[in-house]
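The primary structure of each chain is shown beneath.
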Amino acid sequence: MFVPTRRPRSPQPVLRRLAPFATAGALLALPVLTGCTDNAQSSNDGPSADPRALSVAASDTACTVSGTTAPSGKLTFTVTNSGSKVNEFYLLAADGLRIVGEIENIGPGITRDLVLTAPAGGYFTACKPGMVGDGIRAPFAVAESGQDTTADGNDGELVAVANKNYAAYVRDQTDSLLTGTEEFVKAYKAGDDSAARALYPQVRLHWERIEPVAESFGDLDPKTDARQADLESGQRWTGWHRIEKDLWPARAKGYEALSTSARATYADDLLKNITTLHDRTRTISFTTDQIANGARGLLDEVAATKVTGEEEYWSRTDLYDFQANVDGARVAYEGLRPILQQRDAALDTQLDTRFTALQSLLDRQRSGDGFKLYDQVSKSDVKGLSDAVNALAEPLSKLTAAVS
Amino acid sequence: MPDQLRPDAPPVEEDAPAAEPSPRARGRFSRRRVLGATGAGVAGAAVGLAGGIGVAGAATVPTPTPSGPPVYPFYGEHQAGITTPAQDRLHFAAFDVTTSSRAELVSLLQDWTEAAARMTQGEGAGEYGPTSGPYDAPPDDTGEAIGLPASGLTITFGFGPSLFRESGRDRFGLAARQPAALRRLPLFPGDNLDESRSDGDLCIQACADDPQVAVHAIRNLARIAFGRAAMRWSQLGFGRTSSTSTAQVTARNLFGFKDGTMNLKAEDPAGVAGHVWVPDGADPKAAWLAGGSYLVTRRINMTIEIWDRQPLSEQERVIGRTKAEGAPLSGGGEYTQPDFAMMGSGQQPIVATDAHVRLAHPDNNGGVQLLRRGYNFVDGSTALGRLDAGLFFMAYVTDPRTHYIPLQTKLSRTDGLSEYLQHTGSALFAVPPGAKPGEHVGQALFA
């Protein structure tokens, strides 16, 4: 009598594009539960209180640290700005110049933590109300506890090398992207659809590897990489996916193919935007937190639209993009490894293991010199890939804090 | 329902320090601190009451205090969340272990234990909490429980048969310790099981009086597991259908009937000892399970719309009890024992031969009793506009071979209620005994 009705799979919601680079200097001051953190400064913590947890009362004129010494190891300074100006807090090396750790943009009334690893030695604490001047400084001493580790902020050369290498990688990928796009556009305009279809996922690899960089230029990404589902009403659809639909119209009901002149319009527009991207990346430079955030952003992309098969709706070539995002994240991570190995070797090992595990699952989906189409991947393999993405993305989300 | 068990009593200001501040508790987010350390006082009360009840699971006995919502100790002889008075809300999750490393499995159980011990006391999941820690790192707690009390949260862990052996393969060197009773449940007549809602290597039951607290627990534990275990399925439950303490009134299921009148209760120590806990020596291969239990979960869909069209006479006939009081049709009140021999008109038994109460009653099942801990669920509606709803059945038993499988086999075949039910999910887990501070849940299995 009862007809079993399984719950229908609801269509995946369209996720907004993620813009990881935007977080680098964002001024999103989240209010904290001050009633709660106020307890930190209360006097009833007793003798068992953690000597590595310090509080800093920062006003427009004073910078009062709860102690002047701490044992070496992982220190937490909980900085509360009681003044009316935006404040900053620094831990400086004994020379008073080198920044061991800093926390910026502490708005009035806001409490924020600075967590860092400090070896034994002399330091200065400094608040900088109004974000100007040398700050209100006081000497601070870290005593040898035997518990320590490697210094933070003591690897300036490694940082410079990592940043330089990543910029070179971005230039290299945009070079290949430009060359490939020229070839793709030529085939498409000439009506050589099979050549264009073969080139499409291969050329896009170079885009997807550095996607967060492309997205950081806010105007280029929507013109180049918008999916039909992303469009606002009235927005003109251009770029990769517009052409993708024209090359793979099978899933489009009643689709009318583009005319030769329309093809030329879309193709020239794509090439123009890719050329702009190429030009803009000639002199680009990066910081370690941007690189690390970019790596996380690439995995977020995989989780949001690649593993779900939403990115390449018409061509079903999602796994190429998947691989490219992983490539880009891996390059970013590899570049930061020398720093990470000094700062958090356990995280480094975990990331290495999980990148390898994800890659081995992806390798099982290879076909010819590319990948299976998304439709050809079994449900259980998709679940396995999704689990491996989660397994990698979770520790990868800790990379920025570890290297910056 | 007695007021003292409800979580809505206003918190009182006390300046007692937190009972067991974690090393990072200083200056860190603590939901308990938000409430002025009320929880600590309740936890103390729970310990104080422990000896008085005389149940083996003393650590999880009710903690009625007028001063605030309950906080149950995480550590104890038995895991909390079994004889603990059934909370109002459930989030249950089953996991597949994705690592092949025994050491990583152990580290997961350690991390889960630590996080569960924190969260049940109203703390954040990690050492920093949701709004502290490195500013460039994601917080180690997700934050939706900020400002909420512990809400009676209990977190209970279990191990599925596939953890020990999968397709004959000994995955983690545990096969020799697999309990004889821990096998995939058989397919019962009428089952329409969805693989993606069944089984699992590990399970977590999170119960609380606030749904957000239960969901927060599962979400954070799932996050901790990424790379070691992946969520296989999960189930929300919104209304308890069982009472596990005489202090609780009998709740109603979605058929509108009182459910679990005959349930085992914490105040019946002999019943709990005989029917819930695995005794010492029960299984020589699985000594680690002594003091633990087995958990049967069944996702049972109800054909709500069809049931609602049945006359009251039919509804009461099928259940064998009155809808108003829950009294057996043979008379008396809710707790009056049914008289199965009493004849009604037409020389038919007044409690029908296929009535649920008759078939499920301990007297007709060799005295077998279950500790039921199920929840109502509504997972939205189907494509046909019917409620996707029913009972997420959970029962803790000393041995599923004697305490569940025979009973369910009989019910599936003959229970008049089966006509309105369809079992869509099924799982069996071994629930290890409680952990002591410093141990992880299930430590004896790996010793």
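Residues numbered from 1 in each chain as written. Chains lettered and ligands numbered in written order. Predicted model: local features only at pLDDT ≥ 70, side-chain atom pairs only at ≥ 80, totals over all residues. Heavy atoms only, no water.

Draft legend 1. A look at the overall build of chain B. The helix and strand inventory of chain B stands at twelve helices and ten strands. Classification of the 447 residues of chain B by burial places 61% in the buried group. Considering only residue pairs separated by 6 or more positions, chain B has 74% of its internal contacts joining residues 24 or more positions apart. Counting every atom, chain B has about 16200 Å² of accessible surface; 54% of that belongs to carbon and sulfur. (Helix = DSSP H or I, 4+ residues; strand = E, 2+ residues; numbered from the N terminus. Buried < 20%, exposed > 50% of the residue type's maximum accessible area, 1.4 Å probe, protein only. Contact = heavy atoms within 4.5 Å. Areas by Shrake-Rupley, 256 points an atom, 1.4 Å probe, with all protein chains shown as cover.)

Draft legend 2. Structural detail: the overall build of chain A. Of regular secondary structure, chain A possesses twelve helices and eleven strands. Buried residues in chain A amount to 50% of all 404 residues. Pairs at least 24 apart in sequence give 71% of the contacts found in chain A among residues at least 6 apart. Here chain A displays about 18000 Å² of accessible surface, and carbon together with sulfur accounts for 53% of that area.

Draft legend 3. The arrangement of the environment of B:G331 in detail. Structurally, B:G331 is set in the loop between α8 (312-319) and α9 (356-360). Separated by 58 residues in sequence, B:G331 and B:A273 have C-alpha atoms that sit 31 Å apart.

Draft legend 4. Focus on the packing of helix α2 (residues 156-189) of chain A against helix α6 (residues 240-247) of chain A. All names here are of chain A. As a packed pair, α2 and α6 sit with axes 13 Å apart at the nearest point and diverge in direction by 35°. Considering how the two elements wind past one another, α2 and α6 form a crossing that is left-handed. For the pair α2 and α6, the contacting residues are L177, T181, F184 and Y188 in the first and W240, I243, D246 and L247 in the second. (Axes fitted to C-alpha atoms, helices over the stretch in contact; angles between N-to-C directions. Left-handed = near helix turned anticlockwise from the far one by under 90°.)

Draft legend 5. Fine view of the state of the cysteines. With the rule as written, the count across this model stands at one disulfide over all chains. Sulfur-sulfur distance for the disulfide between A:C63 and A:C127 comes to 2.0 Å. Taking the sign of the S-S torsion, about 60° here, the bridge from A:C63 to A:C127 comes out right-handed. With a gap of 64 residues between them, A:C63 in strand β2 (residues 63-65) and A:C127 in strand β8 (residues 121-127) connect regions that are remote in the sequence. Note on A:C127: relative accessible area 0%, which makes it buried. In this model B:C203 remains outside any disulfide bridge; the closest cysteine sulfur is found in B:C207, 11 Å from its own. (Disulfide = S-S within 2.5 Å.)

Draft legend 6. Molecular detail of the sheet that holds strand β3 (residues 69-71) of chain A. Residue and element names in this part refer to chain A. Pairing is mixed across the open sheet formed by five strands, whose spatial order is β3-β9-β8-β5-β6. The sheet is open, and its two edges are formed by β3 and β6 (99-106), each paired on a single side. Averaged over all pairs of adjacent strands, the angle between strand axes in this sheet comes to 20°, irrespective of strand direction. Inspection of the sheet shows β3 paired to strand β9 (residues 136-143) by three bridges, in the parallel sense. Looking at β9, one finds that P71 is bridged to A143. (Pairing = 2+ DSSP bridges.)

Draft legend 7. Seen up close, the pairing of strand β3 (residues 202-208) of chain B. Residue and element names in this part refer to chain B. The element β3 is largely enclosed, with a buried count of seven among its seven residues. As paired elements, strand β1 (residues 89-97) and β3 share seven bridges and run antiparallel to each other. Its bridge partner being in β3, F95 is matched across the sheet by L202. Here six bridges tie strand β2 (residues 154-159) to β3, and the two strands are oriented antiparallel to one another. Bridge pairing links F157 to I204 in β3.

Draft legend 8. Up close: unusual backbone geometry. Residue and element names in this part refer to chain B. Unusually for a residue other than glycine, S167 sits at a positive phi of about 50°. By the element assignment, S167 lies in the loop between α4 (161-164) and β3. Classification of S167 as exposed rests on a relative accessible area of 79%. The residue D199 is not glycine, and still its phi comes out positive at about 60°. By secondary structure assignment, the location of D199 is in the loop between α4 and β3. The class of D199 is buried, set by a relative accessible area of 17%.

Draft legend 9. How the structure looks around the sheet that holds strand β1 (residues 53-58) of chain A. All names here are of chain A. If you walk across this open sheet you meet the four strands as β2-β1-β4-β7, and the pairing is mixed. Looking along the sheet, the strands with just one partner apiece sit at the ends: β2 and β7 (111-118). Mean inter-strand twist for the sheet, computed between neighbouring axes without regard to direction, equals 20°. Bridge count between β1 and strand β4 (residues 73-81): six bridges; the pairing is parallel.

Draft legend 10. Looking closely at the environment of B:C203. All names here are of chain B. Along the polypeptide, C203 turns up in strand β3. In the structure, C203 is positioned 228 residues away from V431 in sequence and 9.0 Å away in space, judged by C-alpha atoms. Discounting residues that sit within four places of it in the chain, C203 has contacts with F92, A93, A94, T156, F157, G158, L295 and F429.

Draft legend 11. Seen up close, the pattern of salt bridges. Here the structure, examined in full by the defined rule, presents 45 salt bridges over all chains. Between A:K306 and A:E211 there is a salt bridge, with the nearest N and O atoms lying 3.5 Å from each other. Of this pair, A:K306 sits in helix α8 (residues 288-306) while A:E211 sits in helix α4 (residues 211-216), and the two are 95 residues apart along the sequence. With respect to class, A:K306 is no different from A:E211; both count as buried. A salt bridge links B:D88 to B:R240; the nearest nitrogen and oxygen atoms lie 4.0 Å apart. Separated by 152 residues along the polypeptide, B:D88 in the loop between α2 (38-53) and β1 and B:R240 in strand β5 (residues 239-240) bring together distant segments of the chain. Pair check on accessibility: B:D88 and B:R240 agree, each one buried. Overlapping salt bridges, with partners in common, bring together A:R204, A:E208, A:E211, A:D225, A:E301, A:K306, A:E311, A:E312 and A:D321 in one network. (Salt bridge = Lys/Arg side-chain N within 4 Å of Asp/Glu carboxyl O.)

Draft legend 12. Representation of the nonpolar core in the model. If you look at the biggest cluster of nonpolar residues, it comprises 76 residues, and the most contacted ones within it are A:F184, A:W240, A:F322 and A:L399. Excluding residues within four positions of it along the chain, A:F184 makes contact with A:A196, A:L199, A:Y200, A:V203, A:W240, A:I243, A:L247 and A:L270. (Core = buried A, V, L, I, M, F, W, Y, C linked by side-chain atoms within 4.5 Å.)

Draft legend 13. Fine view of helix α9 (residues 318-343) of chain A. Along its 26 residues, α9(A) runs 35 Å from first to last C-alpha, staying within 8% of the 38 Å computed at 1.5 Å per residue. Helix geometry: α9(A) is bent most strongly at A:R337, by close to 55°, with proline A:P338 lying one to four residues after it. (Expected span 1.5 Å × (residues − 1). Bend = angle between axes of the 7 residues up to and from the residue.)

Draft legend 14. Focus on the confidence of the model for chain B. All names here are of chain B. The pLDDT averaged across chain B works out to 87; a share of 85% of its residues lies at or above 70. Counting contacts from residues 1-29, a segment whose pLDDT is below 50, to residues more than four positions away or on other chains yields 68 contacts. Contacts from residues 32-66, a stretch scored under 50 in pLDDT, to residues over four places away or in other chains number 80 contacts. Here the predicted complex carries an ipTM of 0.74, next to a pTM of 0.81. (pLDDT = per-residue confidence, 0-100.)

Draft legend 15. Main features of the side chain of B:S198. Residues and elements named next belong to chain B. Tracing the backbone shows S198 in the loop between α4 and β3. Exposure remark for S198: the relative accessible area of 2% places this residue in the buried category. Dropping the residues within four chain positions of it, S198 is found in contact with L193, R232, W233, T424, G425 and S426.

Draft legend 16. Geometry of helix α5 (residues 211-225) of chain B. Residues and elements named next belong to chain B. Counted at 1.5 Å a residue, the expected span for α5 with its 15 residues is 21 Å, and the 21 Å between its end C-alpha atoms agrees. Listed as buried for α5 are V213, A214, H216, A217, I218, N220, L221, A222, R223 and A225. A distance of 2.8 Å separates the backbone nitrogen of Q212 from a side-chain oxygen at the start of α5, and that oxygen is part of D210. Looking at the residues trailing α5, positive phi occurs at G227, about 95°. (Polar contact = N/O pair within 3.5 Å; in protein donor to acceptor, adjacent residues only side chain to side chain.)

Draft legend 17. Main features of the environment of B:D88. When its relative accessible area of 15% is taken as the criterion, B:D88 is described as buried. In sequence terms B:D88 and B:D363 are 275 residues apart; their C-alpha atoms lie 30 Å from each other.

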